[in-house]
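# Descriptive structure summary
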Amino acid sequence: QIFSKFGYVLKIVMFNKNNQFQALLQYADAMNAYYAKMSLDGQSIYSGCCTLRIDFSKLTSLKVKYNNDKSRDFTRIDLPFGDGQRPMDASLAAAFGLPVPAVPGALGSLTITPSAVSGQIPAVTGIPGNSVLLVSNLNPEAITPYGLFILFGVYGNVHRVKIMFKKRGIALVQMADATQAQLAINHLNGQRLYGRVMHTTLSKYQTIQLPREGQEDKGLTKDYSNSPLHRFKNPGSRNCQNIFPPSATLHLSNIPPSVTVDDLKNLFASKGSTVKAFRFFQNDCKMGLIQLGSVEEAVHALIELHNHDFGENHHLRVSFSKSTI
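Predicted, not measured: the structure shown is a model, and the values here were computed from it.

## Some thoughts on the overall build of the chain
- Counting its regular elements, the chain contains seven helices and 18 strands.
- Counting over 325 residues, the chain shows a buried share of 44%.
- When contacts within the chain are restricted to residue pairs at least 6 apart in sequence, long-range pairs at least 24 apart make up 64% of them.

See below:
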């Protein structure tokens, strides 16, 4: 239930090792494993317990002989249960997608956003497998297609954005795939943006239609599918491993040598940010951390300053940091 939110799970094997209950889980696609690790590592399955620690395994494939409480191959319903054990029951039915009741309090039935209760993961609603998001309760005075493109682009490659012509507080955001869409929901649903708490869920639409020629749109629908600003062009790149929830501390990179601490502080202050602290990385002055007054300020600063042109062919890269100063 938990890991299927990030892609098709092929096999799971569970075992005890070093007095710890562990599991090996194989996805159909390596990118799904990246996104699952980035989203779930350090999260709790139940409030305050069962905190997940996730690493990539050295194994390239799992061998599963039995479908039982310790191992499953979700591609083969024909495997035996094992020596003299009971036949397929409700828990196995659940594993093969058959309906079973939700466990109260378990992650699968949670409907809380990560910002409401930190460390818990929200439930999925809408059309599973859809890559189009419905984003609502936006501030119509401040929001732009470009702003949504930059913010949602932290969690995947945004192909299209549409702000509703008659309801400017609602938008559709089309991600490259369903995994990226789910990642954006996990991290952005419940975040404050321009003074409002943003709601992010899966849309009933499968794609965003571009306006027909001559159709009045006022620039509210934009296609970004060929944008050079996509962060995840190379599967498995460092960007895929550095996906974090919105935080008051931002990670800055691609800073030219001529730019000083004061230059950066003034740049962020000019966009309305309260700069609490800044430091360059010890061994790399192209990178640094800047701590702002709140998470919402950091979200606004990221939208305003990601890709900021310093000249000398240096464009600032801004992402959320997992560490504080």
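## Looking at the pattern of salt bridges
- Scanning the model with the defined rule gives six salt bridges in all.
- With a shortest N-O distance of 2.9 Å, Arg-76 and Asp-78 are connected by a salt bridge.
- Note on Asp-78: relative accessible area 52%, which makes it exposed.

## A closer look at the pairing of strand E15 (residues 284-292)
- In the sheet, strand E13 (residues 249-253) pairs with E15 via four bridges, with the strands oriented antiparallel. Across the sheet, Leu-250 pairs through a bridge with Ile-290, a residue of E15.
- The pairing of strand E14 (residues 275-281) with E15 spans six bridges and is classified as antiparallel. By the bridge assignment, Phe-281 is partnered in E15 with Asp-284.
- In this structure, the hairpin formed by E14 and E15 is closed by a connection of two residues.

## A few points about the sheet that holds E15
- Strand order in the open sheet made by the four strands is E14-E15-E13-E18, with antiparallel pairing throughout. Each of the sheet's edge strands pairs with one partner strand only, and the pair in question is E14 and strand E18 (317-320). Neighbour-to-neighbour, the strand axes of this sheet turn through a mean angle of 25 degrees, independent of strand direction.
- Examined bridge by bridge, E13 and E18 share four bridges and lie antiparallel to one another. Each bridged residue has a counterpart across the sheet, and for His-251 the counterpart in E18 is Ser-319.
- Strand contacts of helix H6 (residues 261-270): E13, E14 and E15, with the helix running at about 140 degrees to E14, the strand carrying the most contacts.
- Packed on one face of the sheet, helix H7 (residues 295-305) meets E13, E15 and E18 and runs near 155 degrees to E18.

## Overview of the sheet that holds strand E5 (residues 71-73)
- Overall, antiparallel pairing links the three strands, which are arranged E2-E1-E5 in an open sheet. Here the strands that pair on one side only, and so sit at the sheet edges, are strand E2 (20-27) and E5. Neighbour-to-neighbour, the strand axes of the sheet open up by a mean angle of 15 degrees, direction not taken into account.
- Pairing of strand E1 (residues 9-17) with E5 involves three bridges; the strand directions are antiparallel. Across the sheet, Lys-11 pairs through a bridge with Asp-73, a residue of E5.

## Quick look at the pairing of E2
- Here E1 runs beside E2; their pairing, made up of eight bridges, is antiparallel. Within E2, the residue paired with Val-13 across the bridge is Leu-24.
- Linking E1 to E2, which pair antiparallel, is a turn of two residues; within it Asn-18 sits at a positive phi near 55 degrees.

## Details of the environment of Ile-255
- Following the sequence through the fold, Ile-255 ends up in the loop between E13 and H6.
- Apart from residues no more than four positions distant in its own chain, Ile-255 is found in contact with Leu-264, Phe-280, Cys-285, Lys-286, Met-287, Gly-288, His-314 and Leu-316.

## Concerning helix H1 (residues 30-40)
- A large share of H1 lies buried, amounting to nine of its 11 residues.
- Here H1 has its buried residues at Met-31, Asn-32, Tyr-34, Tyr-35, Ala-36, Lys-37, Met-38, Ser-39 and Leu-40.
- Just downstream of H1 lies Gly-42, where phi reads positive at about 90 degrees.

## Here's the deal with the packing of aromatic side chains
- As enumerated under the stated definition, the model contains four aromatic pairs in all.
- Note on Tyr-146 and Phe-149: the rings are 6.2 Å apart at their centroids and 50 degrees apart in plane angle, and the pair reads as tilted. Of this pair, Tyr-146 and Phe-149 are both found in helix H3 (residues 145-152), three residues apart, which corresponds to roughly one turn of the helix.
- With relative accessibility at 35%, the residue Tyr-146 sits in the partly exposed group.
- Between Phe-149 and Tyr-224, the aromatic rings sit 4.1 Å apart at their centres with planes inclined by 10 degrees, giving stacked as the arrangement. A residue pair is termed long-range when its members are at least 10 positions apart, and Phe-149 in helix H3 and Tyr-224 in the loop between strand E12 (221-223) and helix H5 (238-241) qualify at 75 residues. Per residue, the accessibility class of Phe-149 equals that of Tyr-224, and both read buried.
- One aromatic cluster in this structure is built from Tyr-146, Phe-149 and Tyr-224.
- The ring of Phe-165 carries Arg-168 above its face, with NZ or CZ at 5.4 Å from the centroid.
- Stacked on the ring of Phe-281, the Lys or Arg Arg-279 has its end atom at 5.9 Å from the ring centre.

The rules behind the values
Residues numbered from 1 in each chain as written. Predicted model: local features only at pLDDT ≥ 70, side-chain atom pairs only at ≥ 80, totals over all residues. Heavy atoms only, no water. Helix = DSSP H or I, 4+ residues; strand = E, 2+ residues; numbered from the N terminus. Buried < 20%, exposed > 50% of the residue type's maximum accessible area, 1.4 Å probe, protein only. Contact = heavy atoms within 4.5 Å. Salt bridge = Lys/Arg side-chain N within 4 Å of Asp/Glu carboxyl O. Pairing = 2+ DSSP bridges. Axes fitted to C-alpha atoms, helices over the stretch in contact; angles between N-to-C directions. Phe/Tyr/Trp six-rings, centres within 6.5 Å; stacked < 30°, edge-to-face > 60°. Lys NZ or Arg CZ within 6 Å of the ring centre and 35° of its normal.

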